[in-house]
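# Reading the structure
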Amino acid sequence: MAALSTVSSRASFGQRISWGPLTAALGILLFLVAFLILPVAMVIYVAFTDPGSGQLTLANFMDFFRSALFRESFYNSFYVAAMSVVLATIFALPLAYITSRFNFRGAVLIQTLGFVPLIMPPFIGAVAMQLLFGSNGSVNLLLRDWFGITLPFMEGLNGVILVQSIHYFPFILINLSASLRNIDRSMEESAQMLGSHGTRLFRRIVLPLAMPGYIAGASLVFVKVFDDLGTPLLLNVNNMLAPQAYLRISSVGISDPMGYVISVILIVCSIFAMWVSISAMRGKDYSTTQKGGGGLSKRDLGALETAGCYLVVLALLAIVLAPHIGLLLLSLGTVWSFSVLPDGFTTEHYAVAVNKAWPFIKNTLLYAGIAALIDVLLGTAIAYLAARTTLIGRKWLDYIAMAALAVPGVVLGIGYLRLFYSVDMPFTGAPLATWWGIIVIALATRRLPYALRSCSAALQQVSPSLEEASENLGAPKVRTVRRIVLPLMAAGLVAGFVTSFATAAVELSATIMLVAQESDAPLAYGLYLFMQSAAGRGPGAALGVITVVIVGLATYFAQHLVEKARREQSASAGSH
């Protein structure tokens with residue numbers, strides 16, 4: 001009897017422990033610790049360590065703030081990020097408001113074109129913007145001929161601000177448009193009945209109610225611009241924090257403490273920006289009293305109003321699509337220098353790009369594909385563990401994975417170099433940091449939050465009752481997940497894969513730190529090399545156009561799957 005009691009207690013203990021989920025959780029935690037927490041912790045540790053004695057110290061930070069160059073870089077990074085938010089708001093606010101407020105023909109097309117800048121890495125468009133808005137670019141040549149003046153659109157920090165705000169303004173457009181669509185229409189109607197109209201209505205009612213979406217988008221723009229590396233480097237603006245971190249590590253070496261100090265400051269500033277965005281919303285109520293909010297009440301426009309709105313929209317779209325237009329002209333142009341348009345047109349750049357860049361393309365397909373697969377596997381597991389199990393601390397897997405958003409790519413790359421360069425690979429004896437697999441892991445770690453959110457959203461649409469019914473019929477948990485849950489999550493999983501793949505394919509900040517030899521370089525690194533020389537800019541632009549098409553198709557494919565899943569979900573709900 002005692003033996004039977006022992007066996008029974010062991011069995012019930014095993015059921016309570018749920019070894020399968022526990023093993024999966026420990027494996028995921030090990031991955032996150034090894035490839036996210038430890039590299040960032042190493043960067044922080046080195047920043048606070050004296051390179052000579054190994055003692056903990058604040059001297060490195062004191063040296064940072066004593067340096068005029070570093071103080072200037074710190075100020076410039078804040079200035080560029082803040083001004084990019086302002087300029088991005090100028091681009092996004094009219095587009096979001098016009099398409100949400102008025103019965104406006106082409107509103108869907110306008111919103112779609114407004115999202116296009118996101119699918120092209122900003123450093124690719126920087127060169128095209130120089131040719132269009134630089135001191136000897138198309139616009140300034142016309143201004144000089146017509147009015148005898150030139151404007152410093154692309155001079156120094158102005159160029160970084162213009163390129164970055166054009167690239168990242170869709171974050172504000174997306175979130176602000178969503179907020180405007182969810183505003184409680186009854187509140188707007190009440191204000192109108194009390195005599196509030198026009199700009200007063202917008203300033204006192206509409207904009208405050210849309211503020212959550214605006215602040216969410218603005219904080220994303222600030223963080224992305226503050227951490228960006230490729231655009232300042234290509235525009236030869238090195239007096240900013242991210243370029244300084246890269247230049248210190250790549251020129252002085254991985255033992256230089258200043259690169260790590262700058263990395264810590266980048267992390268702190270990213271977290272600070274997110275905290276400010278959360279604090280700004282704390283204590284305020286933006287909830288609606290009806291399902292979906294109803295959105296702003298739309299009205300028809302008069303002839304003059306329609307003409308004015310179209311004029312504003314077309315002018316804004318011409319500016320935000322300028323990098324794509326310039327990139328296309330550069331990819332097809334024979335010579336483009338000191339002229340409004342290229343001297344002639346050719347398709348040879350595309351042939352050169354495909355021939356010379358095929359190793360970069362092949363590496364990108366391999367790296368981004370593996371990284372996206374890892375992200376979907378980890379994202380699905382984390383989402384399931386967090387939502388469907390009772391493991392203690394399961395939510396922390398989600399929190400840690402999402403923390404990758406606050407870690408700049410250049411910081412993660414520096415952490416990998418420091419942590420894995422002293423680890424030798426088996427058989428070859430080469431440093432682990434020089435292995436191409438480390439690039440894949442860096443891409444997977446950086447893009448895991450994107451896949452995780454897609455997987456979590458897909459799992460939320462799967463009713464737990466379906467799993468319970470399957471298990472009641474005798475199906476084991478693994479078979480239930482494989483035969484019931486995963487097929488129902490398929491659209492979300494594919495969307496997560498494509499999103500991770502598309503964004504990983506154009507990642508530069510982390511990969512530029514980890515490429516040990518050109519044969520292992522991905523596409524973003526190849527684009528950066530092409531754009532370094534005047535002779536390579538034509539093929540580089542052609543490669544950029546190819547990249548934009550690939551990423552654009554991948555993004556469209558992901559969005560199509562998500563919309564299809566939503567329609568099926570709505571149809572299923574309606575039938576019941």
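The following refers to the structure shown.

Quick notes on the rules
Residues numbered from 1 in each chain as written. Predicted model: local features only at pLDDT ≥ 70, side-chain atom pairs only at ≥ 80, totals over all residues. Heavy atoms only, no water. Helix = DSSP H or I, 4+ residues; strand = E, 2+ residues; numbered from the N terminus. Buried < 20%, exposed > 50% of the residue type's maximum accessible area, 1.4 Å probe, protein only. Contact = heavy atoms within 4.5 Å. Areas by Shrake-Rupley, 256 points an atom, 1.4 Å probe, with all protein chains shown as cover. 1 Å grid on protein atoms, 1.4 Å probe; cavity = no way out; pocket = protein on both sides within 12 Å on 5 of 7 lines; lining within 4 Å. Points joined across faces, edges and corners; volume = space filled by probe spheres on them. Nonpolar A, V, L, I, M, F, W, Y, C, P; charged D, E, K, R; others polar. Core = buried A, V, L, I, M, F, W, Y, C linked by side-chain atoms within 4.5 Å. Salt bridge = Lys/Arg side-chain N within 4 Å of Asp/Glu carboxyl O. Axes fitted to C-alpha atoms, helices over the stretch in contact; angles between N-to-C directions. Parallel < 35°, antiparallel > 145°, perpendicular 65-115°, else oblique. Left-handed = near helix turned anticlockwise from the far one by under 90°. Patch = residues over 30% accessible without salt bridge, like charges linked within 9 Å, V, L, I, M, F, W, Y side chains within 5 Å. Phe/Tyr/Trp six-rings, centres within 6.5 Å; stacked < 30°, edge-to-face > 60°.

### What to know about the overall build of the protein chain
- Helices and strands together make up the secondary structure of the protein chain, namely 26 helices and 0 strands.
- Within the span of the protein chain, comprising 576 residues, buried residues form 49% of the whole.
- Look at the contacts in the protein chain between residues 6 or more apart in sequence, and 76% of them connect residues 24 or more apart.
- Counting every atom, the protein chain has about 27,400 Å² of accessible surface; 66% of that belongs to carbon and sulfur.

### Quick notes on empty space enclosed by the protein
- Taken as a whole and judged by the stated rule, the model has 1 cavity of 30 Å³ or more.
- Its boundaries defined by the atoms lining it, the largest cavity holds a volume of some 60 Å³.
- Along the walls of the largest cavity sit Pro117, Met120, Pro121, Pro122, Gly125, Val163, Ile166, His167, Val320, Pro323 and His324, which together make up its complete lining.
- Going through the elements one at a time, helix H6 (122-133), helix H8 (157-181) and helix H16 (322-332) are the ones with two or more residues in the lining of the largest cavity.
- Of the residues assigned to the lining of the largest cavity, the class counts are 8 nonpolar, 3 polar and no charged.

### Remarks on the nonpolar core
- Core analysis: the largest hydrophobic core is formed by 164 residues, its most contacted members being Tyr416, Ile512 and Met513.
- Top element by residues in this core is helix H17 (residues 348-388). It accounts for 14 residues.
- Setting aside residues up to four positions removed in sequence, Met513 forms contacts with Tyr246, Ile249, Val410, Gly413, Ile414 and Leu417.

### A closer look at the pattern of salt bridges
- Applying the stated criterion across every chain, the model contains 5 salt bridges.
- Between Arg248 and Asp256 there is a salt bridge, with the nearest N and O atoms lying 2.8 Å from each other.
- Put simply, Arg453 and Asp398 hold a salt bridge, and the shortest N to O gap is 3.3 Å. Of this pair, Arg453 sits in helix H20 (residues 436-460) while Asp398 sits in helix H18 (residues 394-402); the two residues are 55 residues apart in sequence, bridging distant segments of the chain.
- Beyond isolated ion pairs, a larger network of salt bridges with shared partners links Arg446, Arg447 and Glu507.

### So, the packing of helix H2 (residues 19-47) against H18
- Close contact between H2 and H18 brings their axes to 11 Å; oriented N to C, the two are set at 25°. The orientation of H2 with respect to H18, classified from their angle, is roughly parallel. Taken as a pair, H2 and H18 cross one another with a handedness that is left-handed. Of H18, the residues touching H2 (which contributes Ala25, Ile28, Leu29, Leu32, Leu36 and Ile37) are Leu397, Ile400 and Ala401.
- Across the contact of H2 with H18, the residue classes tally to 9 nonpolar, no polar and no charged.

### Brief notes about helix H7 (residues 138-147)
- Along H7, the positions that sit buried rather than exposed are Ser138, Asn140, Leu141 and Leu143.
- Those residues of H7 that are buried lie in contact with H6.
- Just downstream of H7, Gly148 is the residue with a positive phi angle, here 70°.

### Quick look at the environment of Phe345
- Locating Phe345 in the fold gives a position in the loop between H16 and H17.
- Under the relative-accessibility criterion, Phe345 is labelled exposed at 53%.
- Other than its neighbours up to four places away in sequence, Phe345 contacts Leu329, Leu332, Gly333 and Thr334.

### Details of a nonpolar patch on the surface
- Taken together, the side chains of Tyr75, Tyr79, Met83, Val86 and Ile90 present a nonpolar region at the surface, about 460 Å² in accessible area.
- The residue Val86 is located in helix H4 (residues 68-101) in this model.
- Judged by its relative accessible area of 44%, Val86 falls in the partly exposed class.

### Re the packing of aromatic side chains
- With the rule as written, the count across this model stands at 22 aromatic pairs.
- Between Phe48 and Phe61, the aromatic rings sit 4.6 Å apart at their centres with planes inclined by 35°, giving tilted as the arrangement. With a gap of 13 residues between them, Phe48 in the loop between H2 and helix H3 (59-66) and Phe61 in helix H3 connect regions that are remote in the sequence.
- Here Phe48 falls in the partly exposed class, since its relative accessible area comes to 29%.
- The class of Phe61 is buried, set by a relative accessible area of 13%.
- Feature note: the residues Phe64, Phe65, Phe70, Phe74, Phe78, Phe222 and Phe226 constitute an aromatic cluster, connected by ring pairs.

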